[in-house]
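So the chains spell out like this:
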There are 6 protein chains.
Amino acid sequence: MRFDETYAGNVFIKSHPNYEESKAVLYGMPMDWTVSYRPGSRFGPARIREVSIGLEEYSLYLDRELDDVKFFDAGDIPLPFGNPEKSLKEIKEFVRKVVAAGKVPIGMGGEHLVSLPVMEAVYEKYNDLAIIHFDAHTDLRTDYEGEPYSHATPIRKIADQIGPKNVYSFGIRSGLKEEFEWAKENGMHISPFEVLEPLKKVLPTLAGRNVYVTIDIDVLDPAHAPGTGTVDCGGITSKELLASIHEIARSGVNVVGFDLVEVAPIYDHSEMTVNTAAKLLREMILGWVK
Amino acid sequence: MRFDETYAGNVFIKSHPNYEESKAVLYGMPMDWTVSYRPGSRFGPARIREVSIGLEEYSLYLDRELDDVKFFDAGDIPLPFGNPEKSLKEIKEFVRKVVAAGKVPIGMGGEHLVSLPVMEAVYEKYNDLAIIHFDAHTDLRTDYEGEPYSHATPIRKIADQIGPKNVYSFGIRSGLKEEFEWAKENGMHISPFEVLEPLKKVLPTLAGRNVYVTIDIDVLDPAHAPGTGTVDCGGITSKELLASIHEIARSGVNVVGFDLVEVAPIYDHSEMTVNTAAKLLREMILGWVK
Amino acid sequence: MRFDETYAGNVFIKSHPNYEESKAVLYGMPMDWTVSYRPGSRFGPARIREVSIGLEEYSLYLDRELDDVKFFDAGDIPLPFGNPEKSLKEIKEFVRKVVAAGKVPIGMGGEHLVSLPVMEAVYEKYNDLAIIHFDAHTDLRTDYEGEPYSHATPIRKIADQIGPKNVYSFGIRSGLKEEFEWAKENGMHISPFEVLEPLKKVLPTLAGRNVYVTIDIDVLDPAHAPGTGTVDCGGITSKELLASIHEIARSGVNVVGFDLVEVAPIYDHSEMTVNTAAKLLREMILGWVK
Amino acid sequence: MRFDETYAGNVFIKSHPNYEESKAVLYGMPMDWTVSYRPGSRFGPARIREVSIGLEEYSLYLDRELDDVKFFDAGDIPLPFGNPEKSLKEIKEFVRKVVAAGKVPIGMGGEHLVSLPVMEAVYEKYNDLAIIHFDAHTDLRTDYEGEPYSHATPIRKIADQIGPKNVYSFGIRSGLKEEFEWAKENGMHISPFEVLEPLKKVLPTLAGRNVYVTIDIDVLDPAHAPGTGTVDCGGITSKELLASIHEIARSGVNVVGFDLVEVAPIYDHSEMTVNTAAKLLREMILGWVK
Amino acid sequence: MRFDETYAGNVFIKSHPNYEESKAVLYGMPMDWTVSYRPGSRFGPARIREVSIGLEEYSLYLDRELDDVKFFDAGDIPLPFGNPEKSLKEIKEFVRKVVAAGKVPIGMGGEHLVSLPVMEAVYEKYNDLAIIHFDAHTDLRTDYEGEPYSHATPIRKIADQIGPKNVYSFGIRSGLKEEFEWAKENGMHISPFEVLEPLKKVLPTLAGRNVYVTIDIDVLDPAHAPGTGTVDCGGITSKELLASIHEIARSGVNVVGFDLVEVAPIYDHSEMTVNTAAKLLREMILGWVK
Amino acid sequence: MRFDETYAGNVFIKSHPNYEESKAVLYGMPMDWTVSYRPGSRFGPARIREVSIGLEEYSLYLDRELDDVKFFDAGDIPLPFGNPEKSLKEIKEFVRKVVAAGKVPIGMGGEHLVSLPVMEAVYEKYNDLAIIHFDAHTDLRTDYEGEPYSHATPIRKIADQIGPKNVYSFGIRSGLKEEFEWAKENGMHISPFEVLEPLKKVLPTLAGRNVYVTIDIDVLDPAHAPGTGTVDCGGITSKELLASIHEIARSGVNVVGFDLVEVAPIYDHSEMTVNTAAKLLREMILGWVK
């Protein structure tokens, strides 16, 4: 990671060189060892940083520039290959420090399971926390073929901690029948297929709340994000996702942390997915870090 | 094929192991030898089966699970390479048996010409048959540069048999001027460019009818299905195609057979097209096999 | 180029063999040496011609056939590799001759900078010229890191000549803050994000005017045109771009020249971008060359 | 094809514009409809011509330039998609004319079956004909699963006509046991695995003979030619194949025709196979057309 | 796996349908969760089986046909995603049964760590076991950044059990200085860079011994096997590897088990690596299963 | 570049953090604007650094570790897009400083023209300089279609300055007839096709000389380096190139600077070329920086 002087990796465009002065901290979580289908999201953070250099620093959507927000790019959290339990622990410890320092944690996955320890660390500080979750998949399993640590379980595990009623999922189009039934019975919010319109209805009810936003890039239709582990057609456009990010920016919620996960560059020869991820992150940083 | 014990290929997820007990029969028709542009759809069926393993068995759209429908995956019909005439004959004979057994034939192409013998075999049983056809192309030629067996001719050839008035094409955006004129003069229905809205208007007029549905994957915009022989921009989204499938499911038509053709995996490095094809088939099976 | 008898390259489908008899002249400008991100658009024209062979000659959108329009494919303008100044001069001289002969110049890029000398040559003849510009990027810089000849500058340079009030940009979603401010202060028209709806409002005000239309393929969302140098999500669909082309065709503007630039085939394994470019050109030729 | 004035395709670099004056005739045979594995060689000829533009005109190996040999590029022979019988007839008729005019036929495939009618047409003129055959596969089947016209049969069919003793195969590493037995019993020459060394031994025995050389690009190891239908490891290097071509050039045999087949560009993202094919053709033309 | 009747996956060409009657058992170990660089070898076994259908059943190298050897394809061993400890346990239990039944285990990886439990299970039966190991990498680490279960450790771990003097590595070109020192100090055999010539010297000393052969596909140069996690130039050709396999077949060693690992299809668009893997397996089966 | 504190890019594995203490300086020259065929080598340096992280730090070939050599990675020299003249000037000025500080310049291209200013700067200090040049192409043109600054000219231009007798080219297999004649007439050394054997003969004659080594990655056969602008078959293997590097390391020549150019990652989906480039650089650094 980048705290020592010999850091040798790329950083996100216009990230601030000084940790102490920054309001937010960007970090990669290059883990993909519990996925059940196509691995490769471990290379997401590095490639997103690399292409971020081609981003405009100015957002026409928000009329704001990256220079207006001080965020530090801490590099990637070193994770032990093939050991999910220890990896999650490392992530949690890192994010605890970021949150303790009053900074906004901004994560780049990696598979979706990496969001779990982040959300847990954030919840330790903000006990009124609500989760906004964009995804094609429910991720509400208790385990995956017996394994409790799986990319299919993070939302369930955090819901069990903060209460299902505080979890709001959007864009969902795949899951087990049992997952949808559990959500319904436990008062968790799921908006199937769509994101923007249901989000507009939910946001006013969350005004003033501390919110963590976790975005699985596969909420996008494969046409817009082919570079991900599990492509699932019938998703939303990148235009709709951008509008949803801006909707949150303009709402009264207090975003205390967020992430973008499941970017797997190898499946996208055109590099559109990493470029889209970089732009989405720019908009989230400009819109959500106040 | 899979009727003998030494079958050695993949089968579609949750296909039923027993032919006799099944209500529907899935089969591949790996033929691509008459295409005029890019071949490769011969590998469609095998790759669709392979990725089907990653599908959720439950459809949130239809609230139904694959276990609720007994369909047998018969494997691929063995076809003689480079011999379209004999290939079509083999297909027809196979489908005749399926239809005679009172089962619903579900075909995976292969090029679009493979739908012709299927539709003919179905028509032998259901003489009030109507065809619903989703495609970017008219496929209404009488021949292609002198060749009567061509991927550009199947709809014309079936229309000549069942009557043009019983053929309903949707999403069409390419063809010869003469093809559109022939359709108009002969009372065949063509909805240019769009699928969902015109379909909603047509379906009530078909209520109670026996209908065969043939879907060329290139009705989708290339953004949603790059893995096909002839990519033609200006198409519909996978969301719209899913909605159209569900519209048919909820209408009063009686789907007596259907197919999905022209999936050519090699042109799609992200594998989105085969994954989309697998999900479309799941929805068609869950929605149309009663 | 193709004026001498030994021309050895492809030509666009149904291009007319005789220069003198043609009303329009198609030509390639295979230059990509000033781009700041991904090069490769030099191969755009050759690949577009190659796949044009697969196009239907008839447009269902416009009910017109390529045989109805005489356009000559002049091949590619020979350009000195790595020398933008001399390249632009060569282009300008060529287009001057085309315009002088009363023919409509139709350019294929190459990077966007190639449009500058074309627009200058057209402006020499039509001094009431207006520019319609479809793009993801403003291209309004005065220079790029000190270089005046850059793919980021052509619209600014032509605006300085014909007056910013005569320039109409659509679909823009990226640029420097300063570029947008300059446009605003100088009365240049910019429609952010959208194309079709704002175009419908602008076109009536341009009725009767001589107009040059320049289309950067990256106005399309990367889902629809992954094969371009700078992919920028949040763009329009190919359906919307086709509709916009048809809107111009039906308006009262007099299109005196047009181009399609920034097609870089190597980034699109599916070849959808070159196929889309070929179809867009067919529609522009059929709709705009009267 | 290119005999009429409106020819609109690429031609091989430095091909001569005049048919009558040329000593050799290059032509494409874009057929791939009988292959049993991966199709796509129909695009070989067009892509080879396109990249030939990047070839040096001078061969350091042979100290000769393309300007030293007059060869005409006739374009592609139009072949009916999916109809092998008619396709072979068209090829045969074309090559008969070339041979009758005393010119050397130079074919580009397409699948290997296209070599059969060429060799037959050449044999009609040269009844002492010997065949030199470079390939990974024997191609000695009498039929392929019942089909007599197949990419697996051309060498057997020509051997039956000119006599197995006049056929010399090199580099073979795959085939049915029966094929090798047939070859052995009938006195046909097969050099397994290797090309250069056994060729050096055979060539002196062929001095003064009229010879047709047919090269399947898959005689190369897949490392050197990934862009082919059937990749089979354990092959020779491009260096060895170049040396073999030069060995024939320096021997006393009289090459009366030759071809290079089975180049399928889609499987080779790096374009190395088409570039290699273009260079091999340059060397064959410079070395064999006297 | 395939022991129950509802098995739904591909099997290797000409594998025997009956487990009991077979002398050897082929199985996949689709695990890639401890790799430190590029994952994806989990898809190796499925893709190798799929392309095996294109293999000739006859080996010209060994003059033997697949019908001459009865081997059962058991499908893939179900492994818990992201849990290496449990995965290794599952593999070991499966192989124990195979070995106990007197059958030869034939493994397809998956990452190289999967070979460890196999070798352990084989060693339980054959306590004079020697290991022949082809690889670019030493795989002699005791742990990888603290993790004992890693793709970088299997050879060390088995060497610790059977004694370093019984391990023979060939083709090695990468490793830590410490690994080479450990090997030297402990009498383990390492042939750097080369395989065939040093193997010829070693084999006579192993005559009559029970030997397990483990081949990491990356012993091949990346030119010959681009589809693997860690590409390392300076390797051997597929021709040399084939010759090495045949050398073992002709030696007096008794091969009691073997595997081929680290085939990661996604990095090889041409599919040469999976085709090569299938052919290598054919030769190993024909040459080593007596 | 990296001299200021806010450097935000990757660096080569084990590069030293301090410029002053280092004996050698690595830098990228991301320029590709004068190439006549396929651009893309501008992305070579960044991708080589990125994959260098996967390199072993120890060389088994040289028994030396990267920690044994202090080399500083200065990042990329900022070059003005599309302006070769100014770019070359920037490079020259940078290298002058490196050489003046007594450090060894190590360049990563970019196209081959970038080597020219480097060699000129090195020659300013070492006036007995000899050039060792590995390449498929002569690069001896005086201009390319009129342009003096071209990737086809650097060796000629430096030969004109230091004297053709001091230039030694190896592996050459393509060029104009005139280039070879010029070389011969002027006493320049060219070893056609081969590298290792002729190098062994030349090196003793250069013992004690100050030598600059420039390697165009396309000296490798395309099988070994598909990721380059101009693929030219008949080249050497990576094994031979490694051996040639080691041969120089063991000779008595004094390497005062070196580079590796023309790595264009986009054409190599497997990433083998950038991985090979990284390993070659490791060997050059370990073998040549004393």
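- Looking up chain A in an unreviewed UniProt entry gives the name Agmatinase, with the organism given as Ureibacillus sinduriensis BLB-1 = JCM 15800.
- Per UniProt, the comment on chain A under Sequence similarities (unreviewed entry) is "Belongs to the arginase family. Agmatinase subfamily."
- According to UniProt, the comment filed for chain A under the heading Function (unreviewed entry) is "Catalyzes the formation of putrescine from agmatine."

1. Here's the deal with the pairing of strand S6 (residues 130-134) of chain F
Residues and elements named next belong to chain F.
For step 1, the next point in the chain: With respect to burial, S6 is a largely interior element, five of its five residues being buried.
For step 2, the next point in the chain: Side chains of S6 alternate between two faces, with Ala130, Ile132 and Phe134 and Ile131 and His133 buried alike.
For step 3, the next point in the chain: Where S6 and strand S9 (residues 210-216) come together, five bridges link them in parallel fashion. Across the sheet, the residue bridging to Ile132 is Val213, located in S9.
For step 4, the next point in the chain: Summarising the sheet, S6 and strand S7 (residues 167-172) pair through four bridges and their orientation is parallel. Within the sheet, the bridge partner assigned to His133 lies in S7 and is Ser169.
For step 5, the next point in the chain: For the segment spanning S6, helix H4 (residues 154-162) and S7, crossover handedness is right-handed.

2. Section: the interface of chain F and chain D
For step 1, the next point in the chain: On the chain D side, the residues contacting the 28 residues of chain F number 19 residues.
For step 2, the next point in the chain: At the boundary of chain F with chain D, total buried surface from both sides reaches about 2,000 Å², with 58% on carbon and sulfur atoms.
For step 3, the next point in the chain: When the buried area of chain F at its contact with chain D is split by residue, Tyr37, Lys177 and Cys233 of chain F rank highest and sum to 27% of it.
For step 4, the next point in the chain: Our enumeration of links across chain F and chain D arrives at four salt bridges.
For step 5, the next point in the chain: Across the pair Lys279 of chain D and Asp232 of chain F runs a salt bridge whose closest N-O atoms are separated by 2.7 Å.
For step 6, the next point in the chain: Remark: the boundary between chain F and chain D carries ten residue pairs in polar contact (both at pLDDT 80 or more).
For step 7, the next point in the chain: Taken together, the residues of the side of chain F that touches chain D break down into 14 nonpolar, five polar and nine charged.

3. Let's talk about the sheet that holds strand S4 (residues 71-76) of chain E
Residues and elements named next belong to chain E.
For step 1, the next point in the chain: With respect to topology, eight strands assemble into an open sheet ordered S4-S1-S5-S10-S9-S6-S7-S8, the strand pairing being parallel. Edge positions in the sheet fall to S4 and strand S8 (189-192), since each has one partner strand and no second. Adjacent strand axes in the sheet meet at a mean angle of 15°, parallel and antiparallel pairs treated alike.
For step 2, the next point in the chain: Summarising the sheet, strand S1 (residues 24-29) and S4 pair through four bridges and their orientation is parallel. Note that in S4 the partner of Leu26 across the bridge is Asp73.

4. Looking at the relation of the copies chain F and chain D
For step 1, the next point in the chain: Structural alignment of chain F on chain D gives an RMSD of 0.0 Å, achieved by rotating through 120° and translating 0.0 Å along the axis. As the rotation angle and translation indicate, the two copies are arranged about a three-fold axis. Relative to the rotation axis, the C-alpha of Ala223 of chain F is the closest in chain F, positioned 2.9 Å from it.

5. What about the sheet that holds strand S6 (residues 130-134) of chain B?
Residue and element names in this part refer to chain B.
For step 1, the next point in the chain: Spatially, the eight strands line up as an open sheet ordered S4-S1-S5-S10-S9-S6-S7-S8, and their pairing is parallel. Of all the strands in the sheet, just strand S4 (71-76) and strand S8 (189-192) have a single pairing partner and so form its edges. For this sheet, the mean angle separating the axes of adjacent strands, direction not counted, is 15°.
For step 2, the next point in the chain: Where strand S7 (residues 167-172) meets S8, four bridges bridge the pair, whose relative direction is parallel. By the bridge assignment for S8, Ile172 is matched with Pro192.

6. Regarding the nonpolar core
For step 1, the next point in the chain: Counting residues in hydrophobic clusters, the biggest one holds 142 residues, and the most contacted among them are Ile132, Phe134, Ile215, Ile248, Phe258 and Trp288 of chain B.
For step 2, the next point in the chain: The biggest single contributor to this core is helix H8 (residues 272-288) of chain B, with nine residues.
For step 3, the next point in the chain: Setting aside its immediate chain neighbours within four residues, Ile248 of chain B contacts Ile132, Phe134, Leu199, Leu203, Val213, Val253, Val255 and Trp288 of chain B.
For step 4, the next point in the chain: Core analysis: the next-biggest nonpolar cluster, separate from the first, contains 82 residues, Tyr19, Phe81 and Tyr144 of chain C together with Ala152 of chain F among them.

7. A few points about the pattern of salt bridges
Residues and elements named next belong to chain F.
For step 1, the next point in the chain: According to the stated counting rule, one finds 126 salt bridges over all chains in the structure shown.
For step 2, the next point in the chain: Between Asp32 and Arg42 there is a salt bridge, with its nearest N and O atoms 2.9 Å apart. Taken together, the positions of Asp32 in the loop between strand S1 (24-29) and helix H1 (44-52) and Arg42 in the loop between S1 and H1 put the pair ten residues apart, joining distant regions of the chain.
For step 3, the next point in the chain: Here Asp32 falls in the buried class, since its relative accessible area comes to 1%.

8. Regarding the UniProt feature "binding site: Mn(2+)" (unreviewed entry) in chain A
Residue and element names in this part refer to chain A.
For step 1, the next point in the chain: What UniProt calls "binding site: Mn(2+)" (unreviewed entry) maps, in this numbering, to His112, Asp135, His137, Asp139, Asp216 and Asp218. Spanning 107 residues, the named residues form one tight spatial group whose C-alpha atoms are at most 12.2 Å apart.
For step 2, the next point in the chain: Its place among the elements puts Asp135 in the loop between strand S6 (130-134) and helix H4 (154-162).
For step 3, the next point in the chain: Not counting the four nearest positions on each side in its chain, Asp135 is found in contact with His112, Phe170, Gly171, Ile172, Asp216, Asp218 and Val219.
For step 4, the next point in the chain: Of the polar contacts made by the side chain of Asp135, one reaches the side chain of His133; its length is 2.9 Å.
For step 5, the next point in the chain: Beyond its immediate chain neighbours, meaning those up to four positions away, His137 contacts Ile172, Ser174, Asp218, Thr230 and Asp232.

9. Some details on helix H1 (residues 44-52) of chain E
For step 1, the next point in the chain: Extensive coverage of H1 of chain E is indicated by the burial of eight of its nine residues.
For step 2, the next point in the chain: For H1 of chain E, the full list of buried residues reads Gly44, Pro45, Arg47, Ile48, Arg49, Glu50, Val51 and Ser52 of chain E.
For step 3, the next point in the chain: Against the buried residues of H1 of chain E lie helix H1 (44-52) of chain B together with S1, S4, strand S5 (104-109) and helix H8 (272-288) of chain E.

10. Quick word on the packing of helix H3 (residues 115-125) of chain B against helix H4 (residues 154-162) of chain B
Residues and elements named next belong to chain B.
For step 1, the next point in the chain: It is at 9 Å that the axes of H3 and H4 come closest, and there the two elements cross at 15°. The angle between the axes of H3 and H4 places the two elements in the roughly parallel class. Classified by chirality, the crossing of H4 by H3 is right-handed. Listed contacts from H4 to Leu116, Met119, Glu120 and Tyr123 of H3 are Pro154, Ile155, Lys157, Ile158, Gln161 and Ile162.
For step 2, the next point in the chain: Classifying every residue of the contact of H3 with H4 gives seven nonpolar, one polar and two charged.

11. Brief notes about the environment of Lys125 of chain D
Residue and element names in this part refer to chain D.
For step 1, the next point in the chain: Within the secondary structure, Lys125 sits in helix H3 (residues 115-125).
For step 2, the next point in the chain: Put simply, Lys125 and Gly102 are 23 residues apart on the chain and 9.7 Å apart in space, counted from C-alpha to C-alpha.
For step 3, the next point in the chain: If sequence neighbours within four positions are ignored, Lys125 has contacts with Val99 and Gly102.

12. So, the packing of aromatic side chains
For step 1, the next point in the chain: By the definition in use, this model includes 60 aromatic pairs over all chains.
For step 2, the next point in the chain: Ring plane angle 90° and centroid distance 5.9 Å describe the contact between Phe134 of chain F and Phe170 of chain F, whose orientation is recorded as edge-to-face. Highlighted residues: Phe134 of chain F in strand S6 and Phe170 of chain F in strand S7, separated in sequence by 36 residues. The pair formed by Phe134 of chain F and Phe170 of chain F is uniform in burial state, with each residue classed as buried.
For step 3, the next point in the chain: Aromatic ring contacts, followed pair by pair, group Trp33 and Phe81 of chain A together with Tyr144 of chain E into a single cluster.
For step 4, the next point in the chain: The ring of Tyr267 of chain B is capped by Arg38 of chain B, whose NZ or CZ atom sits 3.9 Å from the centre of that ring.

13. Description of the confidence of the model for chain A
Detailed reading of the predicted coordinates is not advisable wherever pLDDT is low.
For step 1, the next point in the chain: For chain A, mean pLDDT is 95; residues scoring 70 or higher make up 97% of the total.
For step 2, the next point in the chain: Under the prediction, the complex receives an ipTM of 0.95, its pTM being 0.96.

14. Brief notes about H3 of chain D
For step 1, the next point in the chain: Here H3 of chain D lies mainly inside the structure; eight of its eleven residues are buried.
For step 2, the next point in the chain: Taken together, the buried positions of H3 of chain D are Ser115, Leu116, Pro117, Val118, Met119, Glu120, Ala121 and Val122 of chain D.

15. As for unusual backbone geometry
The phi torsion of most residues other than glycine is negative, and most of the peptide bonds are trans.
For step 1, the next point in the chain: Here the residue pair Gly109 of chain C and Gly110 of chain C is connected by a cis peptide bond, since its omega of 10° sits within 30 degrees of zero.
For step 2, the next point in the chain: Its place among the elements puts Gly110 of chain C in the loop between strand S5 (104-109) and helix H3 (115-125).
For step 3, the next point in the chain: Despite not being glycine, Lys14 of chain E has its phi angle at roughly 65°, a positive value.
For step 4, the next point in the chain: Within the secondary structure, Lys14 of chain E sits in the segment before S1.
For step 5, the next point in the chain: We classify Lys14 of chain E as partly exposed; its relative accessible area is 34%.
For step 6, the next point in the chain: Phi at Phe193 of chain F takes a positive value of approximately 70°, unusual for a residue other than glycine.
For step 7, the next point in the chain: Mapped onto the elements, Phe193 of chain F comes out in the loop between strand S8 (189-192) and helix H6 (196-202).

Criteria and thresholds
Residues numbered from 1 in each chain as written. Chains lettered and ligands numbered in written order. Predicted model: local features only at pLDDT ≥ 70, side-chain atom pairs only at ≥ 80, totals over all residues. Heavy atoms only, no water. UniProt positions renumbered as here; feature names shortened; annotations may be inferred. Buried < 20%, exposed > 50% of the residue type's maximum accessible area, 1.4 Å probe, protein only. Helix = DSSP H or I, 4+ residues; strand = E, 2+ residues; numbered from the N terminus. Pairing = 2+ DSSP bridges. Right-handed = clockwise from strand over helix to strand, strands pointing away. Contact = heavy atoms within 4.5 Å. Buried area = accessible area lost by both parts, 1.4 Å probe. Salt bridge = Lys/Arg side-chain N within 4 Å of Asp/Glu carboxyl O. Polar contact = N/O pair within 3.5 Å; in protein donor to acceptor, adjacent residues only side chain to side chain. Nonpolar A, V, L, I, M, F, W, Y, C, P; charged D, E, K, R; others polar. Axes fitted to C-alpha atoms, helices over the stretch in contact; angles between N-to-C directions. Least-squares fit on C-alpha atoms with pLDDT ≥ 70 in both. Core = buried A, V, L, I, M, F, W, Y, C linked by side-chain atoms within 4.5 Å. Parallel < 35°, antiparallel > 145°, perpendicular 65-115°, else oblique. Left-handed = near helix turned anticlockwise from the far one by under 90°. Phe/Tyr/Trp six-rings, centres within 6.5 Å; stacked < 30°, edge-to-face > 60°. Lys NZ or Arg CZ within 6 Å of the ring centre and 35° of its normal. pLDDT = per-residue confidence, 0-100.

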